[in-house]
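Per-entry structural report
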Amino acid sequence: MTALPKGAVDVDLHPMVPGLAALEPFLDPLWRDQIHQRGMEGFETQSYPPNAPKTVRADWRPADGSKPASTIEQLRAQVLEPWGISRGIVTPLYGVQLVFNEDMAAGFTRALNEWTRARFLDQDPRLAASIILPMFNAEHAVAEIERLAPDPRFVQAMVLVMGETPLGRRHNWPIFEALVKHDLPLAIHAGSSWRNPVTSLGWASWYMEDYAANQQAFQSTLASLITEGVFSKFPTLKVVLLESGVSWLPAFLWRLSKTWKGVRFEVPWVDRSPIEIVRENVRMSVQPFDAPEDAETVDRLMNHLGSDEMLLWSSDWPHWQFDGPPRLPPGIGPELMRKICVENARATYKRLAWETVP
């Protein structure tokens, strides 16, 4: 594939903060002073180590060794212009929300959101953004939603898939209520808050284990949202899984739905099959697609998903998910391609200024 359909939307772009100093203009004086008093160096996490090949595609790394993916000029030159993107949703993955001090985490998270607004949203009308949430205090998370919701360029809120407790727990429900109030989807992105091991067996030895373990986390998080009754309490809530992969979902839903049929007396609020709930309320980005690249397999996977409305196109810039120009797997015909690249995003992100989209 060498060209995206006209009006294509990229739902997963990751500008990288050049360094902690870049957030200082957006910090309250207390937290600005803390940087220097504590000798803080930054919030890079092991989910995306800066020098790991997976973190930044080789041809997107500046030849002069400067920070990749950190400026609007890089985003324009590497994605928006060459691929003809009509809208892009930026979601920085800088570990500000991992700080143990809840007030400090909220302060740095606010600064990150303001950095995104000033350095990207204000620089290009094609861009929208995720509200990064400080998830270790629900009141702080709700306050950040309420603070930024009046700006229609913030079109969803984002949390990491591996937190401190399962995401569906009742103490998070005020967050879901605020999202529904403002018609904001909840994006769940690969990554960890590093409060717990990334696998159910304990800490892994290698980065490849950490990265692959995200699939397990997405399964557990989705099960938590369903069984705790989040979609029963908030039936209009849309959840977008970013960088989750795709091919694991049919088998997982078969297992979860089969078990629900036998023990649904313990979760009477789950009044529909998990398969039905997910098809209606959950969306997924297609990087990585993680399926064999032949048309027959892709067609079979789409049949197992049972919906052509669940997938959203993404480049995952600057992560190394593919080489060369933007692409989708073989077997995705023109009609389905337009659904994935354009129409499904329009249906998911109601707050985007679609009247200006070609």
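The sections below set out a description of the structure shown in this document.

The rules we used
Residues numbered from 1 in each chain as written. Predicted model: local features only at pLDDT ≥ 70, side-chain atom pairs only at ≥ 80, totals over all residues. Heavy atoms only, no water. Helix = DSSP H or I, 4+ residues; strand = E, 2+ residues; numbered from the N terminus. Buried < 20%, exposed > 50% of the residue type's maximum accessible area, 1.4 Å probe, protein only. Areas by Shrake-Rupley, 256 points an atom, 1.4 Å probe, with all protein chains shown as cover. Lys, Arg positive; Asp, Glu negative; His and termini not counted. Charge placed at Lys NZ, Arg CZ, Asp CG, Glu CD. 1 Å grid on protein atoms, 1.4 Å probe; cavity = no way out; pocket = protein on both sides within 12 Å on 5 of 7 lines; lining within 4 Å. Points joined across faces, edges and corners; volume = space filled by probe spheres on them. Nonpolar A, V, L, I, M, F, W, Y, C, P; charged D, E, K, R; others polar.

1. Regarding the overall build of the protein chain
For the protein chain, the count of helices and strands is twelve helices and eight strands. Projected onto its principal axes, the C-alpha positions of the protein chain cover 55 × 45 × 45 Å. Relative to its 358 residues, the protein chain shows a buried fraction of 58%. Put simply, the protein chain shows about 15300 Å² of open surface, and 53% of that area lies on carbon and sulfur atoms. One way to put it: in the protein chain the 35 positive side-chain charges average out to a point 4 Å from where the 43 negative ones average out.

2. As for the layout of surface pockets
Take a probe with the size of a water molecule and roll it over the atoms, and the empty space left behind shows itself. Computed from the structure, the largest pocket encloses a volume of approximately 620 Å³. Lining the largest pocket are 32 residues; nearest its centre among them are V161, M162, G163, E164 and T165. Broken down by secondary-structure element, the contributors of at least two residues to the lining of the largest pocket are β4 (154-162) and α7 (214-227). It is α7 that provides the largest number of residues to the lining of the largest pocket, a total of five residues. Its residues placed into classes, the lining of the largest pocket shows 15 nonpolar, 15 polar and two charged. By volume, the second largest pocket amounts to about 250 Å³. T236, K238, A347, T348 and K350 are the residues nearest the centre of the second largest pocket, which is lined by 16 residues in total. Listing elements by their share of the lining of the second largest pocket, those giving two or more residues are α5 (173-181) and α12 (334-348).

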